[in-house]
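# Summary of the model geometry
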Amino acid sequence: EIVFDNSDNRFSMENSDEVVLRRTIGHKKDEFFLQRKRAQKNEIMSLLEGAGFSKSNPYFIVQQGKVNALCTMSDTERLQLLKEVAGTTVYDEKKAESEAKMEENRSNIEKIQEIMAYIEQR
């Protein structure tokens, strides 16, 4: 169990000065809890990444030799690194997931319309 001080509202949890996370490791499946209520792993990961704990760079420490690489990076590579450090890649991933779901829904709507047109023709 981990208890975070949320007095600075770093975590997007309303009316909560503490954020309590717990992971129980089971025989077949792990369980995750947020504020002592069951939660999904992606919900926990999203909360942590939104607070600045990134899976790709958890401490934002620049390794020796990386400063020179940063200076020689292309603009797109530098922008990607800054997005990771700022924690905005989480929102880009959510956007991509949402767009994929919307495309799937559009496809389903088209299938339903085709079926309805076929039924009306009969």
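A brief look at the structure comes next.

Conventions adopted
- Residues numbered from 1 in each chain as written.
- Predicted model: local features only at pLDDT ≥ 70, side-chain atom pairs only at ≥ 80, totals over all residues.
- Heavy atoms only, no water.
- Helix = DSSP H or I, 4+ residues; strand = E, 2+ residues; numbered from the N terminus.
- Buried < 20%, exposed > 50% of the residue type's maximum accessible area, 1.4 Å probe, protein only.
- Contact = heavy atoms within 4.5 Å.
- Areas by Shrake-Rupley, 256 points an atom, 1.4 Å probe, with all protein chains shown as cover.
- Pairing = 2+ DSSP bridges.
- Axes fitted to C-alpha atoms, helices over the stretch in contact; angles between N-to-C directions.
- Patch = residues over 30% accessible without salt bridge, like charges linked within 9 Å, V, L, I, M, F, W, Y side chains within 5 Å.
- Salt bridge = Lys/Arg side-chain N within 4 Å of Asp/Glu carboxyl O.

Looking now at the overall build of the chain. Each helix and strand counted, the chain has four helices and four strands in total. Reading the chain from its N end, one meets helices and strands in the order β-β-β-β-α-α-α-α. For the chain, the proportion of its 122 residues judged to be buried stands at 18%. Within the chain, contacts between residues separated by at least 24 positions form 27% of all contacts whose residues are at least 6 apart in sequence. When the accessible surface of the chain is split by element, carbon and sulfur atoms take 51% of a total near 10400 Å².

This paragraph deals with the sheet that holds strand 3 (residues 31–34). The strands making up a sheet associate through hydrogen bonds between their backbones, and the pairing can be parallel or antiparallel. In space, the four strands of this open sheet follow the order 1-2-3-4, with antiparallel pairing throughout. Taken across any chain shown, the strands that pair with only one partner, and hence form the sheet edges, are strand 1 (2–5) and strand 4 (37–39). Strand after strand, the sheet turns through a mean of 30° between neighbouring axes, direction not considered. Where strand 1 meets strand 2 (residues 18–24), four bridges bridge the pair, whose relative direction is antiparallel. Within the sheet, the bridge partner assigned to D5 lies in strand 2 and is E18. Strand contacts of helix 1 (residues 41–50): strand 1, strand 2, strand 3 and strand 4, with the helix running at about 50° to strand 3, the strand carrying the most contacts.

Here we take up a nonpolar patch on the surface. Taken together, the side chains of I115, Y118 and I119 make up a nonpolar region of the molecular surface, amounting to roughly 330 Å² of accessible area. The topology assignment puts I119 in helix 4 (residues 89–121). Taking the relative accessible area as the measure of exposure, I119 reaches 54% and is therefore exposed.

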